[in-house]
Amino acid sequence: MNMSRRLTLQLTTLAAACIVSGGAFAQAKEVTFAHQDMLVPLRLVMESGEVEKATGYKINWRMFNGGGDVIRAMASGDVQMGETGSSPLTAAASQGQDIKLFWISADIADAEALVARNGSNINSMKDLAGKKVATPFVSTAHYQLMAGMKMDGVDGKSVNVMNMRPPEIAAAWERGDIDATFIWDPVLSKIKSNGKVIATSGSIGKRGAPTFEGIVVNAKWAEANEAFMVAFVKALNRANEEYKATGKTWTADSAQTKAMAKWTKANPADVGPAMALYTFPTYAEQLSPTWLGGGAAKAMAGTAAFLKEQGRVQEVKPDYNAFVTTTYVQKAAASK
């Protein structure tokens, strides 16, 4: 065989191998999920392995320190699904990222709070002027901090608002480097012992700036893996129902509490009190006008206006319903 024919045969063989391996990759039952450290029933699903058993998929659970990091990982293509707050979600949607919100993992309610250090002389939003206040930028906490200050007539430029991730906030609080922080658990529980709650996500939400935690997915991936999506939603609802039915009886030694602590690095003793600050919508509530049926998109529109004002996004979309889907919840609920 001459060199030219041999080279042609090798290239043909290589091309065929690439086609086969490419097809195998396309059919691979594997997904990477970006999670955070919030104390939500999803952790029970992660611990049980029930979705993997039901679908045969391999789920790579990857932990991130904030919703902005989750959104960036999804934009890169490395992550297909993830949990994020309404503020990072809105930023991504406003930038045209091809994602869909398909589950409200938590109504944040009072689970995020502005806490001032004892001795800082901060007793209200107005006292933040001239102080160092830490929060993860573009998070729901950041959104509500800025919205709360605006509602109370505090000039944002008069406050030293510092961008820190939760572990950095915990360390800075220990060192005494910051005067206040707007943050969530498990850090929130740790700092309350020597701090005072000034406002919560719930109190600011009631004044017109509601927030939520949601689970999002790459839209094209979801369409190609519908059976997985439906199974995943069923597991999410099961975990919410389990918490609703038994959560108040969990102790620090309960299997559920240990699972929550394992995946969030929280102190088991803090799990129960922290989860009680959230509410976790089940099927009917998910589909209601409060959440996927319209409320989530409305909250995103309000958040987008704020983010544009802050220079975080360039435009506000005319309709955020395009980034919300009820398909998978409806199909999961119908196949109970």
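1. Quick notes on the overall build of the protein chain
In terms of helices and strands, the protein chain carries 16 helices and 10 strands. By the compact-globule yardstick of 20 Å for 336 residues, the protein chain fits well, its C-alpha radius of gyration being 22 Å. Reported as C-alpha extents along the three principal axes, the dimensions of the protein chain are approximately 85 × 45 × 40 Å. In the protein chain, which comprises 336 residues, the share counted as buried stands at 52%.

2. Thoughts on the packing of aromatic side chains
If you walk through the whole model with that rule in mind, you get 15 aromatic pairs. Seen in terms of ring centroids, Phe212 and Trp291 are 5.9 Å apart; in terms of plane orientation they differ by 75°. Their pairing is edge-to-face. One end of the pair, Phe212, is in strand β10 (residues 212–218); the other, Trp291, is in the loop between α14 (283–287) and α15 (295–309), and 79 residues separate them in sequence. In this pair, the class of Phe212 matches that of Trp291, namely buried. Through pairs of rings, three or more aromatic residues link up here, namely Phe33, Tyr57, Trp61, Phe102, Trp221, Phe228, Phe232 and Tyr328. A cation over a ring is seen here: Arg117 above Trp173, with NZ or CZ 4.4 Å from the ring centre.

3. What about the pattern of salt bridges?
Inspection of the entire model under this criterion finds 12 salt bridges. For the salt bridge of Asp98 with Lys220, the shortest nitrogen-to-oxygen distance reads 3.1 Å. Of this pair, Asp98 sits in the loop between α5 (86–94) and β4 (99–107) while Lys220 sits in helix α10 (residues 219–224), and the two are 122 residues apart along the sequence. Asp98 sits in the partly exposed class, given a relative accessible area of 33%. Residue Lys220 is classed as exposed on the basis of its relative accessible area of 58%. The structure contains a network of salt bridges with shared partners spanning Glu50, Arg238 and Glu242.

Conventions adopted
Residues numbered from 1 in each chain as written. Predicted model: local features only at pLDDT ≥ 70, side-chain atom pairs only at ≥ 80, totals over all residues. Heavy atoms only, no water. Helix = DSSP H or I, 4+ residues; strand = E, 2+ residues; numbered from the N terminus. Rg over C-alpha atoms; globule rule 2.2 N^0.38 Å. Buried < 20%, exposed > 50% of the residue type's maximum accessible area, 1.4 Å probe, protein only. Phe/Tyr/Trp six-rings, centres within 6.5 Å; stacked < 30°, edge-to-face > 60°. Lys NZ or Arg CZ within 6 Å of the ring centre and 35° of its normal. Salt bridge = Lys/Arg side-chain N within 4 Å of Asp/Glu carboxyl O.

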